[in-house]
Amino acid sequence: MNEFGENVFVLEHPLITHKISILRDKSTGTNEFRQLVEEIAMLMGFVALSDLPMKTVEVETPIERAETRVIAGRKLAIVPILRAGLGMVSGLTALVPSAKIGHIGMYRNEETHQPVEYFCKLPNPIEERTIVVCDPMLATGGSGVDAISQIKSHGGKKIKFVCIIAAPEGVRRLHAAHPDVQIYVGNLDRCLNENAYICPGLGDAGDRIFGTK
Ligand code: PRP
Ligand code: URA
């Protein structure tokens, strides 16, 4: 357990932290940045999905008939928060190719830092799926809180939130608003600055993934 309590997992794994360090470097270009986001998402997904429910099935091996286990239940839903969350989708679907993908469009108003929602399309039946919401950055927590509220209003129940870098303020806010949601953080950073950017962070994740600005 950490300072945030149950359901918050700060991974700080050497492989993840090493790759995040390269992301942080402002001289890392778009191509490498995108590749690293994908790799980190895959490593984080591997951990975040370690409690997926399993069921027993029988298979015929070349040697004998065997009881073995496969993932049970409805397919997973991966829900990136646009835009930056899109960068994590390929890494997560590499782990679970059969996953369905929803999208939530959200941007932060540059002055108020409040999230503005502009799109929501989720796979049905959402209530039966384990849902992995992904976004590289959890800053004030506003976007994550609203995205999860939206998913819950459509019936989503079993929700995990995977972010590469988080500020403590964002983790506290998201955990307080949605204590049932498991939050997976790659690296926990120091604080937010006056523009609500994460320090030291990596800058604007969307712009760095898509090469905008
Ligand atoms: C970024 C990021 C998160 C949000 C985090 O998106 O990808 O969605 O900010 O900030 P918060 O925790 O304070 O809400 P942004 O608004 O820059 O949109 P973009 O991904 O389209 O660039
Ligand atoms: N969104 C980003 O992309 N980066 C931050 O540091 C904060 C919000």
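On a predicted model such as this, the values are computed, not experimentally measured, just so you know.

The rules behind these values
Residues numbered from 1 in each chain as written. Chains lettered and ligands numbered in written order. Predicted model: local features only at pLDDT ≥ 70, side-chain atom pairs only at ≥ 80, totals over all residues. Heavy atoms only, no water. Salt bridge = Lys/Arg side-chain N within 4 Å of Asp/Glu carboxyl O. Helix = DSSP H or I, 4+ residues; strand = E, 2+ residues; numbered from the N terminus. Buried < 20%, exposed > 50% of the residue type's maximum accessible area, 1.4 Å probe, protein only. Expected span 1.5 Å × (residues − 1). Contact = heavy atoms within 4.5 Å. Near = heavy atom within 4 Å. Polar contact = N/O pair within 3.5 Å; in protein donor to acceptor, adjacent residues only side chain to side chain. Areas by Shrake-Rupley, 256 points an atom, 1.4 Å probe, with all protein chains shown as cover. Nonpolar A, V, L, I, M, F, W, Y, C, P; charged D, E, K, R; others polar.

1. Let's talk about the pattern of salt bridges
Right, on to step 1. Summed over all chains, the structure comprises nine salt bridges.
Right, on to step 2. Linking K19 and E39 is a salt bridge whose minimum nitrogen-to-oxygen distance equals 2.8 Å. Taken together, the residues span a long stretch of sequence, with K19 in helix α1 (residues 14-24) and E39 in helix α2 (residues 30-48) at a distance of 20 residues.
Right, on to step 3. Given the relative accessible area of 26%, E39 is considered partly exposed.
Right, on to step 4. In this structure, D207 and R83 form a salt bridge, with 3.1 Å as the shortest nitrogen-oxygen distance.

2. So, α2
Right, on to step 1. When the terminal C-alpha atoms of α2 are compared, their 26 Å separation across 19 residues agrees well with the 27 Å that a helix rising 1.5 Å per residue should span.
Right, on to step 2. For α2, the complete set of buried residues consists of F33, L36, V37, I40, A41, M44, G45 and A48.
Right, on to step 3. In this structure, the buried residues of α2 make contact with α1, α3 (86-95), β10 (158-166), β11 (182-188) and α6 (205-210).

3. Describing the site of ligand 1
Right, on to step 1. Around ligand 1 lies a shell of 16 residues, among which R108, D135, T140, G141 and S143 are the nearest.
Right, on to step 2. One of the side-chain N or O atoms of R83 is found 2.9 Å from an oxygen atom in ligand 1.
Right, on to step 3. The contact in question runs from an oxygen atom of ligand 1 to an N or O atom on the side chain of T140, over 2.5 Å.
Right, on to step 4. Within the complex, 91% of the 500 Å² of free accessible area of ligand 1 lies under protein.
Right, on to step 5. Of all elements in the fold, only β6 (103-108), β9 (137-138) and α4 (142-153) reach the threshold of two or more residues within the shell around ligand 1.
Right, on to step 6. The dominant element in the shell around ligand 1, judged by the number of residues it contributes, is β6, at three residues.
Right, on to step 7. In terms of residue class, the shell around ligand 1 is built from seven nonpolar, five polar and four charged.

4. A short note on the site of ligand 2
Right, on to step 1. Lining the immediate environment of ligand 2, one finds R108, M137, A139, A196, Y197, I198, G203, D204 and A205.
Right, on to step 2. The backbone of I198 places a nitrogen or oxygen atom 2.8 Å from an oxygen atom of ligand 2.
Right, on to step 3. A205 is positioned with one of its backbone polar atoms (N or O) 2.8 Å from an oxygen atom of ligand 2.
Right, on to step 4. Bound to the protein, ligand 2 loses 89% of the 240 Å² it would expose on its own.
Right, on to step 5. Among the residues forming the shell around ligand 2, the class breakdown is six nonpolar, one polar and two charged.

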